[in-house]
Amino acid sequence: MREKFSMFHSATIKLTVWYLAGVMLLSGIFSILIYNLATSELDARFSVVETRLNSNADTLPRWLNFRDIRDKQIDEAHQNIFIVLVYTNLVILAIGGVASYLWARRTLQPIEAAHEAQARFTSDASHELRTPLAIMKAELEVALRDKSIKKTELQDILTSNLEEVNRLSMLADTLLKLARSENADLQWQQFNLNEALRHATDSFGALSKRFEAKLPKSDPIITANRESITELFIILLDNALKYSPSDSVIHIAGRKSGGRYIFSIKNSGAGISPDDLPHIFRRFYRSDKSRSQQNSSGYGLGLSLAKKIVDLHHGEITATSTPNKETTFTVKLPQSQS
């Protein structure tokens, strides 16, 4: 953490210096131009006055030496202009220094945020990988050391290891989807949202009996990426199934509002606490409370992927929950991507 702070602090200072150098370079160039223009204009005006005085030399007192007066006034004017420009540049240096630091901080902020997100993602992923690997390693070491181990015990160990391998495979698959979504170049097409939702519900087989849908009578046609939207529905439906009683009903509703289609998926159950609700779309975020205790097979990546899909479609996803009662996820998608 200290190394990261030092790295970005150093980068901020360097960027500030470069910004300030650019500001002062421009200020110096303009100062030279202003000085040259002002002194040239001053010299020209004195030359005009001198010409007029020379034409009326007979009416001037003999003791008056205009050339000496002119030279003295010009020197003083040049000096005053120079001092004013020096003080102006000092003020610009002070203001520019503060502004350059703020610009540097603002420039590096997205990079720092991305760096923190990547570091957190790597740390969380390593933690999630370490747990199943540690379980498999321990079980295999015990099996290898026990020479009198029975066949049934070996089968239990292999079954347990297979479960962990399946979990790792699921983790790798979700991570791959997230990685692809980061650099997604989605292909837009027109399709029926109701059909995408039906395809998502059918993918759950016998569990689809738990879904109760109230959809728009007229087919909602949307311009989007069909595969991503179907994946979005699957994620939200799977989440609702996981965290609701096995005999409960999952309510699905859809409607059109303005230029957007709004779909909601509501399930009963333990719900989400107000403390956890703002964080549920973060990667690897799982509450240590009732929802995670009900089902610990997930990695906290599904909702993060769902939000990424919605963001790519310039939509909005929100969640509301009443603990020990119900949870509702609402998705708002624009009708077109233009």
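Residues numbered from 1 in each chain as written. Predicted model: local features only at pLDDT ≥ 70, side-chain atom pairs only at ≥ 80, totals over all residues. Heavy atoms only, no water.

Draft legend 1. How the structure looks around the overall build of the protein chain. Across its full length, the protein chain carries seven helices and seven strands. Tracing the protein chain from N to C terminus, the helices and strands come up as α-α-α-β-α-β-β-α-β-β-α-α-β-β. By the burial criterion, 34% of the 338 residues in the protein chain qualify as buried. Taking the contacts inside the protein chain whose residues are at least 6 apart along the sequence as the reference set, 76% of them involve residues at least 24 apart. With the model as given, the accessible surface of the protein chain reaches about 21,500 Å², and the carbon-plus-sulfur share is 57%. (Helix = DSSP H or I, 4+ residues; strand = E, 2+ residues; numbered from the N terminus. Buried < 20%, exposed > 50% of the residue type's maximum accessible area, 1.4 Å probe, protein only. Contact = heavy atoms within 4.5 Å. Areas by Shrake-Rupley, 256 points an atom, 1.4 Å probe, with all protein chains shown as cover.)

Draft legend 2. Expanded view of the confidence of the model for the protein chain. Within the protein chain, residue pLDDT values average 80, and 79% of them lie at 70 or more. Across the protein chain, strand β7 (residues 326-334) holds the top mean pLDDT of 93, while helix α6 (residues 290-294) sits lowest at 42. (pLDDT = per-residue confidence, 0-100.)

Draft legend 3. Summary view of the packing of helix α4 (residues 193-202) against helix α5 (residues 226-242). Running from N to C, α4 and α5 cross one another at 50°; their axes reach a closest spacing of 9 Å. On the basis of their axis angle, the class for α4 and α5 is oblique. Considering the relative orientation of α4 and α5, their crossing is right-handed. In contact with Leu193, Glu195, Ala196, Leu197, His199, Ala200 and Thr201 of α4, α5 contributes Arg226, Ile229, Thr230, Phe233, Ile234 and Leu237. Taken together, the residues of the contact of α4 with α5 sort by class into eight nonpolar, three polar and two charged. (Axes fitted to C-alpha atoms, helices over the stretch in contact; angles between N-to-C directions. Parallel < 35°, antiparallel > 145°, perpendicular 65-115°, else oblique. Left-handed = near helix turned anticlockwise from the far one by under 90°. Nonpolar A, V, L, I, M, F, W, Y, C, P; charged D, E, K, R; others polar.)

Draft legend 4. Just the pairing of strand β4 (residues 250-257), in detail. Direction of pairing for strand β2 (residues 211-214) relative to β4: parallel, over a ladder of four bridges. Following the sheet pairing, Lys214 is matched in β4 by Ala253. Note that β4 and strand β5 (residues 260-268) share seven bridges and pair antiparallel. When the sheet's bridge partners are listed, His251 is paired in β5 with Lys266. In textbook terms, the turn of a hairpin is the stretch between consecutive antiparallel strands, and for β4 and β5 this stretch comprises two residues, one of which, Gly258, has a positive phi near 65°. (Pairing = 2+ DSSP bridges.)

Draft legend 5. Representation of the packing of aromatic side chains within the structure. Scanning the entire structure with this criterion turns up four aromatic pairs. Plain terms: the ring middles of Tyr19 and Trp103 are 6.3 Å apart, the flat faces sit at 80° to each other, and that makes the pair edge-to-face. Taken as a pair, Tyr19 in helix α1 (residues 2-55) and Trp103 in helix α2 (residues 66-145) lie far apart in primary sequence, 84 residues in all. For Trp103, a relative accessible area of 47% puts it in the partly exposed group. (Phe/Tyr/Trp six-rings, centres within 6.5 Å; stacked < 30°, edge-to-face > 60°.)

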